[in-house]
Amino acid sequence: MEKCRSLLLLVAGVLLVLQPALSADPIQYISWNVSYTEAAPFGVKQQVIAINGQFPGPIVNVTTNWHAVVNVMNNLDEPLLITWNGIQQRRNSWQDGVSGTNCPIPVGWNWTYDFQVKDQIGSFFYFPSLDFQRAAGGYGGFIVNPRAVIPVPFGTPDGDFTVLISDWYTRSHKDLRKALDDGKDLGMPDAVIFNGKGPYRYNNSVPADIDFEQLNVEPGKTYRFRIHNVGISTSLNFRIQNHNMLLVETEGSYTVQQNYTNLDIHVGQSYSFLVTMDQNASSDYYMVASARFVNTTIWANVTGVAILHYSNSKGKAVGSLPDAPNDFYDKYFSMNQARSVRWNVSAGAARPNPQGSFKYGSINVTQVYVLRNMPPVMIDGKRRCTLNGISYHAPATPLKLADRFNLTGVFKLDFPERPMNRPPKIDTSVINGTYRGFMEIIFQNNDTSVQNYHMDGYAFFVVGMDYGEWTENSRGTYNKWDGVARSTTQVFPGAWTAILVSLDNVGMWNIRVENLDTWYLGQEVFVRIVNPEITNKTEVPLPDNALYCGALSRLQKPQKHSQNATSGSSSVKAGVIMILSGFLTYLAMLLG
């Protein structure tokens, strides 16, 4: 018995040592099997990418400051990476899941992402970042909830819906990327889908027997709708028949609360609305996502339609769809709508301080980059897209790994601050960002379609947009007070959008266009942000389970293939805690 007491004290001592490492912030363990499955979003059976058999994938639901440990098993027939759209991953670009930071997960291998959703709240999504795979699925919602001690600027909704809208082709993602490789345009999509399902048959143009999305609600209650455009290249206008949508949040920022009857949601963007079920339920109601800035006659049937069903509904939805915006004579309609999305500077953030306490408008800018995109051009016989005349080439060795191991010749820190008068080229040119600097980026869109830009690792402030060429005088129109903080912004054709970003997150971070076609053809760049002081406080070290490829392939160890395998110190500590806790309980029982 005395030995048991001694062992009990020993185990308790070990637990006291290990427990603080885990108890500070909870950990959400997730295991994903990424594979192909068969679906028919538009009535045509085709191969899609599923996660744990689901298309779209499961919703990740965590609370701010939690750690997410996501083990991904790649059962596709090509390499895979998952990226977290809008999740900032403080100090940890090792987990970003794009070609510049991570080696792809080989076919038949698993890899464990381990990151903290530090000081974030709101609505985000994840998706596969390589080789046009997002066009086949593999995406899902990512919700970060506030801690209970942080007030929310609206009442608790009665329910919560994640809605993933996207344009959709019945051709496979491999066929789509081959078309781009062959110098062709993708052409008009076949459909717009809701949560992986095709349109409700609102007229005879929609094929019969298509599975459609239906959201079931109770009269008088208020629901939160988290809408994400996870599509390929089509801006979509979202609306709910006869219902107002109160905008409350976008990509981790609480917004000034305003009612909209419709809102343009561009590729890669996420919005949260509160919608009250205040109609008489004489029938079901349409939810619509229709293409914007296209020939509406030709695109008339490329419209996503889902159903909002009251529990006391007296019948099916009938009649015409709610009208889309008619801005044929007002090219500023959508831009003014975008300008109306503003930051709620008095609302709390993920920390107790209000969002507006940052006062971004009073910070001195230290770097300015004007990033201009043009229509596709031919470079060395290949159709490519560019930023400042450079079409990004992804090297075999990820930029982040090359930087960590001091490899030369992988990339150059020479990305031009302004468009240059020289022939376009394919290159691996990186922006050299100044740690703790304040950067102004102007996206100048000289193409004929909307381009949507995203920056990993950051929420930036959208301070201005207008038609025409940006000039130094354009700064006089900037919103220096309540420009919304987000990670994805639209840039209208023949127009510019200006953002401000505080470079306080060390790493190698991706700036990309979210339109899959122009992204695939080279429209991206990376920003290298290095703390000159060597410390683990501003960046986590290279993870133990890092994959190696390219010039560092020799460092890669063989992997024992296991779908349930996890790696990383947090997983090991958690396992030890579980075992010792169980043993401690058993000993306590023995001792009475």
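Residues numbered from 1 in each chain as written. Predicted model: local features only at pLDDT ≥ 70, side-chain atom pairs only at ≥ 80, totals over all residues. Heavy atoms only, no water.

A closer look at empty space enclosed by the protein
Argument step 1. Within this structure, the stated rule accounts for two cavities of 30 Å³ or more.
Argument step 2. By volume, the largest cavity is sized at about 80 Å³.
Argument step 3. What lines the largest cavity is Trp94, Thr101, Asn102, Cys103, Trp111, Leu401, Pro543, Ala546 and Leu547.
Argument step 4. A breakdown of the residues in the lining of the largest cavity according to their chemical character gives seven nonpolar, two polar and no charged.
Argument step 5. Each pocket or cavity is described by its volume, and for the second largest cavity that value is around 30 Å³.
Argument step 6. The wall of the second largest cavity is formed by Leu263, Asp264, His266, Tyr271, Ser334, Gln337, Ala338, Val341 and Gln490.
Argument step 7. Broken down by element, the residue count for the lining of the second largest cavity peaks at three residues, all from helix α3 (residues 333–339).
Argument step 8. Of the residues in the lining of the second largest cavity, the class split is four nonpolar, four polar and one charged. (1 Å grid on protein atoms, 1.4 Å probe; cavity = no way out; pocket = protein on both sides within 12 Å on 5 of 7 lines; lining within 4 Å. Points joined across faces, edges and corners; volume = space filled by probe spheres on them. Nonpolar A, V, L, I, M, F, W, Y, C, P; charged D, E, K, R; others polar. Helix = DSSP H or I, 4+ residues; strand = E, 2+ residues; numbered from the N terminus.)

Focus: the sheet that holds strand β25 (residues 431–434)
Argument step 1. Strands sit in the order β25-β33-β32-β27-β30 across an open sheet of five strands; the sheet is mixed. In this open sheet, the two strands that pair with only one neighbour each are β25 and β30 (488–491). Each strand of the sheet is rotated relative to its neighbour by a mean of 25°, with strand direction disregarded.
Argument step 2. Judged from the four bridges that link them, strand β27 (residues 451–455) and β30 form a sheet pairing that is antiparallel. Directly across from Tyr453, in β30, lies its bridge partner Thr489. (Pairing = 2+ DSSP bridges. Axes fitted to C-alpha atoms, helices over the stretch in contact; angles between N-to-C directions.)

Digging into the confidence of the model for the chain
Argument step 1. Across the chain, the average pLDDT comes to 91, with 91% of residues at or above 70.
Argument step 2. Ignoring residues within four places in sequence, the model shows residues 7–23, a span with pLDDT below 50, making 25 contacts including any to other chains. (pLDDT = per-residue confidence, 0-100. Contact = heavy atoms within 4.5 Å.)

Focus on the nonpolar core
Argument step 1. Membership of the largest hydrophobic core comes to 103 residues, with the highest contact counts inside it found for Phe225 and Leu308.
Argument step 2. With near-sequence residues (within four places) excluded, Leu308 lies in contact with Leu215, Val217, Phe225, Ile240, His243, Met277, Asp284, Tyr285 and Met287. (Core = buried A, V, L, I, M, F, W, Y, C linked by side-chain atoms within 4.5 Å. Buried < 20%, exposed > 50% of the residue type's maximum accessible area, 1.4 Å probe, protein only.)

Some remarks on the layout of surface pockets
Argument step 1. Empty space within the largest pocket amounts to approximately 1,300 Å³.
Argument step 2. As for the largest pocket, its lining consists of 46 residues, of which Ala291, Arg292, Phe293, Val294 and Trp299 are closest to the centre.
Argument step 3. Going through the elements one at a time, β18 (285–291), β27 and α5 (516–520) are the ones with two or more residues in the lining of the largest pocket.

Topic: the side chain of Ser270
Argument step 1. Residue position: Ser270 is located in strand β17 (residues 270–276).
Argument step 2. Given the relative accessible area of 2%, Ser270 is considered buried.
Argument step 3. A polar side-chain atom of Ser270 sits 2.7 Å from a polar atom in the side chain of His228.
Argument step 4. Residues contacting Ser270, with those up to four places away along its chain left out, are Ser123, Phe124, Phe125, Ile227, His228, Thr250, Glu251 and Arg486. (Polar contact = N/O pair within 3.5 Å; in protein donor to acceptor, adjacent residues only side chain to side chain.)

Details of the pairing of strand β13 (residues 236–240)
Argument step 1. By the criterion of burial, β13 is predominantly enclosed, with five of the five residues buried.
Argument step 2. Residues of β13 alternate between two faces, with Leu236, Phe238 and Ile240 on one and Asn237 and Arg239 on the opposite face, all of them buried.
Argument step 3. When β13 meets strand β16 (residues 263–265), the two strands line up antiparallel, connected through three bridges. Note that in β16 the partner of Asn237 across the bridge is Asp264.
Argument step 4. Strand direction decides the pairing type here: β13 and β18, joined by five bridges, are antiparallel. When the bridges of β18 are listed, Leu236 appears paired with Ala291.

A short note on the packing of aromatic side chains
Argument step 1. In total, this model carries 33 aromatic pairs according to the counting rule given.
Argument step 2. Judged by centre distance (5.4 Å) and plane angle (25°), the ring pair of Phe161 and Tyr223 falls under stacked. With Phe161 in strand β9 (residues 159–168) and Tyr223 in strand β12 (residues 222–229), the pair connects residues that are 62 residues apart, well separated along the chain.
Argument step 3. Arranged with centres 4.3 Å apart and planes meeting at 15°, the rings of Tyr360 and Phe461 form a pair that is stacked. In this pair, Tyr360 is assigned in the loop between α3 and β20 (367–373) and Phe461 in strand β28 (residues 460–467), connecting sequence segments 101 residues apart.
Argument step 4. In this structure Phe461 comes out as buried when scored by relative accessible area, which is 7%.
Argument step 5. Lying over the aromatic face of Phe293, Arg292 brings its terminal NZ or CZ to 4.7 Å of the ring centre. (Phe/Tyr/Trp six-rings, centres within 6.5 Å; stacked < 30°, edge-to-face > 60°. Lys NZ or Arg CZ within 6 Å of the ring centre and 35° of its normal.)

Overview of unusual backbone geometry
Argument step 1. Between Phe55 and Pro56 the backbone carries a cis peptide bond, its omega angle lying at -5°.
Argument step 2. Located in the positive-phi region is Asp209, a residue other than glycine, with phi close to 65°.
Argument step 3. Within the secondary structure, Asp209 sits in the loop between β10 (191–194) and β11 (214–217).
Argument step 4. Asp209 gets classed as exposed once you look at its relative accessible area, which sits at 80%.

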